[in-house]
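Coordinate inspection notes
Next come the chains, spelled out residue by residue.
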Amino acid sequence: MAKKQLGHALLHSINDFNEAKQVIVGGVNSPVRAFQSVGGTPPFIFKGEGYSLYDVDGNSYIDFVQSWGPLLFGHADGQIQERVIEVLQRGLSFGAPTELETTLAKKIVLSYEGVEKVRLVSSGTEATMSAIRLARAFSQKDDVIKFEGCYHGHSDSLLVGAGSGCATFGVPSSLGVPKNISQHTLVARYNDIDSVKACFQASKNVGCVIIEPIAGNMGLVPAQLEFLQELHALCQQHQAVLIFDEVMSGFRASASGSQSYHHLVPDLVTFGKVIGGGLPLACFGGRAEIMELLSPMGGVYQAGTLSGNPVAVAAGIVALEKIAQDPKLYSRLEALALRFTDGLARVAQLNRIALQTCVRGSMFGFFFSEQEVCDFEGAKSSKSDLYATFHQKMLQKGVYLAPSAFESGFLCTPMHENIIDACVQKAQESFSEMAHGI
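What counts and what doesn't
- Residues numbered from 1 in each chain as written.
- Predicted model: local features only at pLDDT ≥ 70, side-chain atom pairs only at ≥ 80, totals over all residues.
- Heavy atoms only, no water.
- Helix = DSSP H or I, 4+ residues; strand = E, 2+ residues; numbered from the N terminus.
- UniProt positions renumbered as here; feature names shortened; annotations may be inferred.
- Contact = heavy atoms within 4.5 Å.
- 1 Å grid on protein atoms, 1.4 Å probe; cavity = no way out; pocket = protein on both sides within 12 Å on 5 of 7 lines; lining within 4 Å.
- Points joined across faces, edges and corners; volume = space filled by probe spheres on them.
- Nonpolar A, V, L, I, M, F, W, Y, C, P; charged D, E, K, R; others polar.
- Buried < 20%, exposed > 50% of the residue type's maximum accessible area, 1.4 Å probe, protein only.
- Pairing = 2+ DSSP bridges.
- Patch = residues over 30% accessible without salt bridge, like charges linked within 9 Å, V, L, I, M, F, W, Y side chains within 5 Å.
- Areas by Shrake-Rupley, 256 points an atom, 1.4 Å probe, with all protein chains shown as cover.
- Salt bridge = Lys/Arg side-chain N within 4 Å of Asp/Glu carboxyl O.
- Axes fitted to C-alpha atoms, helices over the stretch in contact; angles between N-to-C directions.
- Parallel < 35°, antiparallel > 145°, perpendicular 65-115°, else oblique.
- Left-handed = near helix turned anticlockwise from the far one by under 90°.

Quick notes on unusual backbone geometry
With an omega of 15 degrees, the peptide bond running from Ser295 to Pro296 counts as cis. Along the polypeptide, Pro296 turns up in the loop between α9 (288-291) and α10 (310-324).

What to know about the UniProt feature "modified residue: N6-(pyridoxal phosphate)lysine" (unreviewed entry) in the chain
Following the UniProt record, one finds the feature "modified residue: N6-(pyridoxal phosphate)lysine" (unreviewed entry) at Lys273. Among the secondary structure elements, Lys273 is positioned in the loop between β16 (268-271) and β17 (282-286). Non-local contacts of Lys273, meaning those with residues more than four positions away in its chain, are made with Trp68, Gly69, Pro70, Val247, Met248, Gly278 and Leu281.

Some thoughts on empty space enclosed by the protein
As enumerated under the stated definition, the model contains one cavity of 30 Å³ or more in all. When its volume is computed, the largest cavity comes out at roughly 80 Å³. Along its surface, the largest cavity is lined by Phe64, Phe364, Gly365, Phe366, Tyr387, Leu401, Ala402, Ser404, Ala405, Glu407, Ser408 and Gly409. If you tally residues by element for the lining of the largest cavity, the top one is strand β19 (residues 363-367), at three residues. The residue inventory of the lining of the largest cavity, partitioned by class, reads seven nonpolar, four polar and one charged.

Here's the deal with the pairing of β19
Counting buried positions along β19 yields five of five residues, so the element is predominantly enclosed. Along β19, one buried face is formed by Met363, Gly365 and Phe367 and the opposite face, lined by Phe364 and Phe366, is buried too. Bridge count for strand β18 (residues 356-360) against β19 is five bridges, and the pairing is antiparallel. Bridge pairing links Gln356 to Phe367 in β19. The antiparallel pairing of β18 with β19 creates a hairpin that spans two residues between the two strands, and Gly361 there sits at a positive phi of about 60 degrees. Two elements, β19 and strand β21 (residues 409-410), share two bridges in a ladder whose sense is antiparallel. Bridge pairing links Phe364 to Gly409 in β21.

Quick look at the environment of Ser157
Here Ser157 is to be found in the loop between β7 (143-147) and β8 (160-161). A C-alpha to C-alpha distance of 8.4 Å links Ser157 and Met129, two positions 28 residues apart in sequence. Residues contacting Ser157, with those up to four places away along its chain left out, are Arg136, Ile181 and Thr185.

Remarks on the sheet that holds strand β3 (residues 45-49)
Overall, mixed pairing links the four strands, which are arranged β3-β4-β5-β20 in an open sheet. The sheet terminates laterally at β3 and β20 (399-400), the two strands that pair on one side only. Where strand β5 (residues 60-63) and β20 come together, two bridges link them in parallel fashion. Counterpart to Asp63 in the pairing with β20 is Tyr400.

What to know about the layout of surface pockets
Each pocket or cavity is described by its volume, and for the second largest pocket that value is around 500 Å³. Lining of the second largest pocket is provided by 24 residues; of these, Glu101, Arg119, Leu120, Ser307 and Gly308 occupy positions nearest its centre. Secondary-structure elements contributing two or more residues to the lining of the second largest pocket are α3 (99-111) and β6 (117-121).

Comments concerning a nonpolar patch on the surface
Taken together, the side chains of Ile85, Leu88 and Leu92 define a hydrophobic patch exposed on the protein surface, amounting to about 280 Å² of accessible area. In this structure, Leu88 sits in helix α2 (residues 78-88). Leu88 sits in the partly exposed class, given a relative accessible area of 35%.

Section: the packing of α2 against α10
It is the contact of α2 with α10, at a shortest axis distance of 9 Å, that shows an interaxial angle of 150 degrees. With respect to α10, the axis of α2 lies roughly antiparallel. Relative to α10, α2 is oriented so that their crossing is right-handed. Contacts between α2 and α10 involve Gln79, Ile80, Arg83, Val84, Val87 and Leu88 from the first element and Pro310, Val311, Ala314, Ala315, Ile317, Val318, Ala319, Glu321 and Lys322 from the second. Residues belonging to the contact of α2 with α10 are distributed by class as follows: 11 nonpolar, one polar and three charged.

Topic: the packing of helix α13 (residues 384-396) against helix α14 (residues 417-435)
Put simply, α13 and α14 touch, their axes get as near as 9 Å, and they point 125 degrees apart. As judged from the angle between their axes, α13 and α14 are oblique. Judged by the twist between their axes, the crossing of α13 over α14 is right-handed. Across the interface between the two elements, Leu386, Thr389, Phe390, Lys393 and Met394 from α13 touch Cys423, Lys426, Ala427, Ser430, Phe431, Glu433 and Met434 from α14. Across the contact of α13 with α14, the residue classes tally to seven nonpolar, two polar and three charged.

Some thoughts on the pattern of salt bridges
The final tally for this structure, using the stated rule, is 14 salt bridges. A salt bridge links Asp192 to Arg189; the shortest N-O distance between them is 3.0 Å. Exposure remark for Arg189: the relative accessible area of 27% places this residue in the partly exposed category. Its salt-bridge partner being Lys393, residue Glu433 comes within 3.2 Å of it at the nearest N-O pair. With a gap of 40 residues between them, Glu433 in helix α14 and Lys393 in helix α13 connect regions that are remote in the sequence. Connected through salt bridges with shared partners, the residues Asp267, Arg287 and Glu289 form a single ionic network.

Set out below in structure tokens:
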């Protein structure tokens, strides 16, 4: 008899996971995929189509992860696949300039105010790491301010947590990060401008500030408008380069990322995920006078064999073309996201379960908490054990949510009201089971 896991037959996934652990560290190539914070065995995916995932055991799931954000148009979008196939038939990689790179760069520049030039790279980590190096060169100052709960990739200077209190020089949050590197990173509290002011007081050598204006890695927690406005002013006052990390929110929250919510122009911005249409691609860009410090024009070195890879760029071009052709895309997806989160809140209340929800365009999040979550402390205070139970029950019912309480959820264009309503009904069943200890 097939072994059961979370109500689904996962015999092949269990075997695949055990086999993967023999040759891949932890059995996964990105830690959260291991399901350690929610329990159970991760389904091994065979294919995706539209809003659905199918695992190797034949189970199907309504997917609210969408590859952690890139798949605005769902899995296996026909138009994106068609263009990718056309381009890959001409070659997978050249390590030389192509017209496609310029086409994509123009689309990004036209979409976001203040981005005058860009440089394409292969990952969000590359983009943020390079943007910080560039910002330090421009400001000629070494220290960086980041915020608790914001994730900007796994480069050394950004794998830093708060020290003994906020607004202090950080301490490494990962083994292998030298203390002398983390000592150049100050950590402030998200949505708390006083903590940022304290950072500037603690160091007269702050060269840049990096922030997710819509944080998606402590759950979905948007920056408050007044906070961002004051942060922008502080950076100008102290001549520090302001970097908006829009790797997640860019072309996800709106066609201009977070900018449509606050109308602020950062000095530099990073993009990823959606601009690659599901393939590895990211970029950083901003004011020409800063960007032109990059080699070969300036003295800041950055390079990459696969940067501007034609196949990934082709997928990104189609994604941005589809966005431009559908002016109601984000309002339609936001309405669906609100339908989902409002439904979750309603059925949670019916079962006397405290739930906080948030939506930004096609992104959504929720916390099992009595209080609205505005920063990382609030996120950590939420009941992650309830999230783990809820995740298991929803997976059992065929709904694939992020396997962590501290990640955003994502919608895609193939989703519709009937699918959302079906998921709310499954949530009602899950909350009822939780309320009754089933």
